[in-house]
Amino acid sequence: MRVLVCVKRVPAPGAKINITADGQAVDTAYLAFTTSPHEECAVEEAVRLIEAHGGESTALTLGPGDAEEQLRYAASIGVDKCVLLPIDSDGSTGGDWDPQRTSDAITTAIQGIEAADGAFDLILFGNESADSGNFQVGIRVAHGLSRPMVNGIKGIELGNGGVRARRESETGVEVYVLPLPAVLGVKEGINLPRYPTLKGRLASKKVALHVVCPSGVVGGQQMITLVQTAEKASTTVVLGHGPDAAPAVVDLLEELGLLK
Amino acid sequence: MTILVVVEHDRGSLAAATLEAMAAARRVAADLATDVSALTLGAAADAVASVLAEHGADTVHQVHHDLLADYGPEAWGEAVAQAVRALQPAAVVACGTDRGNEVMAQAAARLGAALVVNCNTIEVSAAGDATAQWTITRSRWGGSLLERCTLVAPVKLLTVTHHVFEASTSPGAGSVLPLPVELEAWLARTVVAERVERAAGVTLSTAPLVVGGGRGVGSAEGFASLEELAGVLGGVVGCSRAVTNNGWRNHTDQVGQTGTRIAPDLYMACGISGAIQHWVGAMASKQILAINTDPEANMVTKADYAVIGDLHAVVPAITNEIRRRRAQA
């Protein structure tokens, strides 16, 4: 089978996110970069599916040239092929990559790859990206390709020409049974991604990088600026130190009506 | 040019988050001097019309179709897209829950229209005018960063960030109208096929009290004292991403951007440093008490209350104090 996994390069923030002076981006001067968490699990799931069923996995990203790092990471844990849709700060790939433009470019790139190498049986996305969190690129791509799509998936089983996908809800677990080819949005918790081995990291450097120039129609959502959230004004009330603080904590529980 | 709210429900059981979308829609409708209507999908949701009227729906459009008997993102998205074409609303609003965002994205893809998700503020410059500017503040990074953006589209598709708009009543006329849709049989391919129902009880997202543990708990076994405290208070245990990454607890217990968003009356965060990833999942809590050895930890400085100390000593002491007082009562 053929599995495609679409990933996004995002900053890895710690306790606070700072914004650049022009308000257009996250200040990444002191930040590392990573694969968006849901997608890290999607990469692991793609590798496991190929290990179990045979075939070939491909990772695709739309992002700056440096996003090659996230493709190499995917290759280091076992993805076979890498596709980069590079964007720039200016020129035809400059400007804001809103969700419509992004999904348009990814859909077109997938159609091109499939025309050359054959259709993907399964395309995996992350449930949403960690940074912009637009919750829609995977769904738009699936619609563009006329394929079934369910988001929020925490379990995948292949069989009988289809895929059984599980997702958690308020009342339990929902099971969807989709015909292949299909698209799924994966949520963290579906697996615990492996760490790349040294051998895997060395091998990943030899995986060929297929570069496709992205092209998508600009959509209706246009960013003006990023804004910091308001800092909490009040100070923290310290109830005490060590186990001696227990009575003060229980007083608080009583006050809040939580001690029934 | 009504403001249309897409009603979220599970086989007729109304999701409370919908009432937040109703509150947001009423504000936008007031700015545009128009009315609010609601869209319910599936006959099982007919019964919620009266609640929607209490929350400001002047019209409730009810869609009946066999394919809408249970949830399916494609069938629901297609039904919303057809409703938008038929009703031509100025805007469509849902709450930014898993289902809310999913259905709206399916509808947006079908309409070829922009969708702005997880909106915190919605400003419309000129009332009722086609040239009106829509300026939105929306949540990024799970809500730890905001984005100001404009939305240019013939119909504005929006979801509002969960827990940002407060549900409130405001009577609407509540006229009920059937809305016909045509759904092709193949849309059944993404309708829920089976379910495993969980035993009834409080869950992480609905619990009034959550006891959370982080890296400071140290091991899977270390959670025993947190379980005990949650047990005596009728609460639920949660954890940070570091804990699930270490395999100490299942991912279903994870509070955070990629886990569960909680909104309890009190969140007791034990041995949690408070990285962005965790904070955004906990910030809707009404009160936060941090228990940490480090007084400078992000969780401590952002909390309402703190106990400085080792959770392994503090947590059992709290449990004992509760038992002591109950024994005296």
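If you're wondering where the values come from, they're calculated on a predicted model, not measured in any experiment. (Residues numbered from 1 in each chain as written. Chains lettered and ligands numbered in written order. Predicted model: local features only at pLDDT ≥ 70, side-chain atom pairs only at ≥ 80, totals over all residues. Heavy atoms only, no water.)

**Student:** Which residues make up the overall build of chain B, and what values do they have?
**Tutor:** Helix and strand counts for chain B stand at 9 helices and 17 strands. A compact globule built from 329 residues would reach a C-alpha radius of gyration of about 20 Å, and chain B, at 22 Å, matches this within 12%. Each principal axis of the C-alpha atoms in chain B carries an extent, and together these give about 65 × 45 × 40 Å. Sorting the 329 residues of chain B into buried and exposed places 62% on the buried side. For chain B, restricting intrachain contacts to residue pairs at least 6 apart in sequence, the fraction spanning at least 24 positions comes to 63%. In chain B, which carries 23 positive and 32 negative side-chain charges, the distance between the mean positions of the two groups comes to 5 Å. (Helix = DSSP H or I, 4+ residues; strand = E, 2+ residues; numbered from the N terminus. Rg over C-alpha atoms; globule rule 2.2 N^0.38 Å. Buried < 20%, exposed > 50% of the residue type's maximum accessible area, 1.4 Å probe, protein only. Contact = heavy atoms within 4.5 Å. Lys, Arg positive; Asp, Glu negative; His and termini not counted. Charge placed at Lys NZ, Arg CZ, Asp CG, Glu CD.)

**Student:** Describe in detail the domain arrangement of chain B, supporting the description with residues and values.
**Tutor:** Residue and element names in this part refer to chain B. The domain architecture assigned to chain B consists of domain 1 (3–190) and domain 2 (209–328). For domain 1 versus domain 2, the separation of C-alpha centres amounts to 35 Å. Listed as interface residues are 5 residues of domain 1 and, on the opposing side, 7 residues of domain 2. Both faces considered, domain 1 and domain 2 share a buried interface measuring about 470 Å² in area, 65% of it formed by carbon and sulfur atoms. A per-residue breakdown of the area domain 1 buries against domain 2 is headed by Gly-142, Ser-144 and His-163, which together make up 73% of the total. At the surface where domain 1 touches domain 2, the tally comes to 0 salt bridges. (Domains from an automatic or database assignment. Buried area = accessible area lost by both parts, 1.4 Å probe. Salt bridge = Lys/Arg side-chain N within 4 Å of Asp/Glu carboxyl O.)

**Student:** Describe the interface of chain A and chain B, naming the residues involved and giving the relevant values.
**Tutor:** Counting residues at the interface gives 82 residues for chain A and 86 residues for chain B. Contact with chain B buries surface across chain A, with Glu188(A), Gln221(A) and Leu258(A) losing the most and accounting together for 8% of the total. Between chain A and chain B we count 8 salt bridges in total. Here chain A and chain B share 41 residue pairs in polar contact (both at pLDDT 80 or more) between them. Pairing analysis gives 4 bridges linking strand S10 (residues 172–179) of chain A to strand S12 (residues 194–197) of chain B, with the strands arranged antiparallel. The partner of Val173(A) across the bridge, within S12(B), is Val196(B). (Polar contact = N/O pair within 3.5 Å; in protein donor to acceptor, adjacent residues only side chain to side chain. Pairing = 2+ DSSP bridges.)

**Student:** Got a sec to walk through the side chain of Asn101(B)? Specific residues and values, please.
**Tutor:** Checked against the element boundaries, Asn101(B) lands in helix H4 (residues 98–111). When its relative accessible area of 2% is taken as the criterion, Asn101(B) is described as buried. A polar contact of 2.8 Å, which involves the side chain of Asn101(B), links it to the side chain of Thr159(B). Residues contacting Asn101(B), with those up to four places away along its chain left out, are Phe135(A), Cys95(B), Gly96(B), Leu115(B), Val117(B), Asn118(B) and Thr159(B).

**Student:** Pulling in residues and values, what's your account of the nonpolar core?
**Tutor:** Ranked by internal contacts, the top residues of the largest apolar core, which has 87 residues, are Leu124(A) and Leu184(A). Broken down by element, the residue count for this core peaks at 7 residues, all from helix H1 (residues 37–53) of chain A. If near-sequence neighbours (up to four positions away) are discounted, Leu184(A) is found in contact with Leu122(A), Ile123(A), Leu124(A), Phe125(A), Met149(A), Val150(A), Ile153(A), Ile156(A), Val163(A), Ala165(A) and Leu178(A). Met22(B), Val48(B), Ala132(B) and Ile136(B) belong to the second largest nonpolar core, which has 38 residues in total. (Core = buried A, V, L, I, M, F, W, Y, C linked by side-chain atoms within 4.5 Å.)

**Student:** I'd like to hear about the packing of aromatic side chains, residue by residue, with values.
**Tutor:** Residue and element names in this part refer to chain A. Tallied over the entire structure, the rule returns 1 aromatic pair over all chains. Positioned above the aromatic ring of Phe-120, the side-chain terminus of Arg-2 is 4.5 Å from the ring centre. Of note, Arg-9 hangs over the ring of Phe-33, and the distance from its end group to the ring centre comes to 4.0 Å. (Phe/Tyr/Trp six-rings, centres within 6.5 Å; stacked < 30°, edge-to-face > 60°. Lys NZ or Arg CZ within 6 Å of the ring centre and 35° of its normal.)

**Student:** Just give me the short version of the pairing of S10(A), but keep the residues and values in it.
**Tutor:** In summary, the side chains of a regular strand alternate between the two faces of the sheet. Bridge analysis of strand S9 (residues 162–169) of chain A against S10(A) gives 8 bridges, and the strand direction is antiparallel. Looking at S10(A), one finds that Ser169(A) is bridged to Gly172(A).

**Student:** Which residues make up the pattern of salt bridges, and what are the values?
**Tutor:** Opposite charge on two side chains permits them to pair, given that their charged atoms come into close proximity. Using the criterion set out here, one finds 35 salt bridges over all chains in the structure. A salt bridge links Glu68(A) to Arg72(A); the shortest N-O distance between them is 3.0 Å. One end of the pair is Glu68(A) and the other is Arg72(A), both in helix H2 (residues 68–76) and 4 residues apart, which spans about a single turn. Across the pair Arg195(B) and Glu174(A) runs a salt bridge, and its minimum N-O distance is 3.9 Å. Remark: Glu174(A) occurs in strand S10 and Arg195(B) occurs in strand S12; the pair is interchain, linking two chains. When salt bridges that share partners are traced, they join Arg167(A), Glu174(A), Asp10(B), Arg11(B), Asp70(B), Arg99(B), Glu102(B), Arg195(B) and Glu197(B) into one network.

**Student:** So, the state of the cysteines: which residues are in play, and what are the values?
**Tutor:** If you walk through the whole model with that rule in mind, you get 0 disulfides over all chains. Note on Cys149(B): no disulfide assigned, nearest cysteine sulfur contributed by Cys119(B) at a separation of 6.8 Å. (Disulfide = S-S within 2.5 Å.)

**Student:** Tell me about the sheet that holds strand S5 (residues 81–86) of chain A, and please be specific about residues and values.
**Tutor:** Residue and element names in this part refer to chain A. One open sheet holds the 7 strands; their spatial order is S7-S11-S6-S1-S4-S5-S12, and the pairing between them is parallel. In the strand order of this sheet, the two ends are held by strand S7 (149–153) and strand S12 (209–211), each with one partner. Across this sheet, the average inter-strand angle for adjacent strands is 25 degrees, counted without regard to direction. Note that S5 and S12 share 3 bridges and pair parallel. Counted as the bridge partner of Leu-84 is Val-211 from S12. The sheet strands contacting H2 are strand S4 (56–63), S5 and S12, and the helix crosses S5 at an angle near 170 degrees. (Axes fitted to C-alpha atoms, helices over the stretch in contact; angles between N-to-C directions.)

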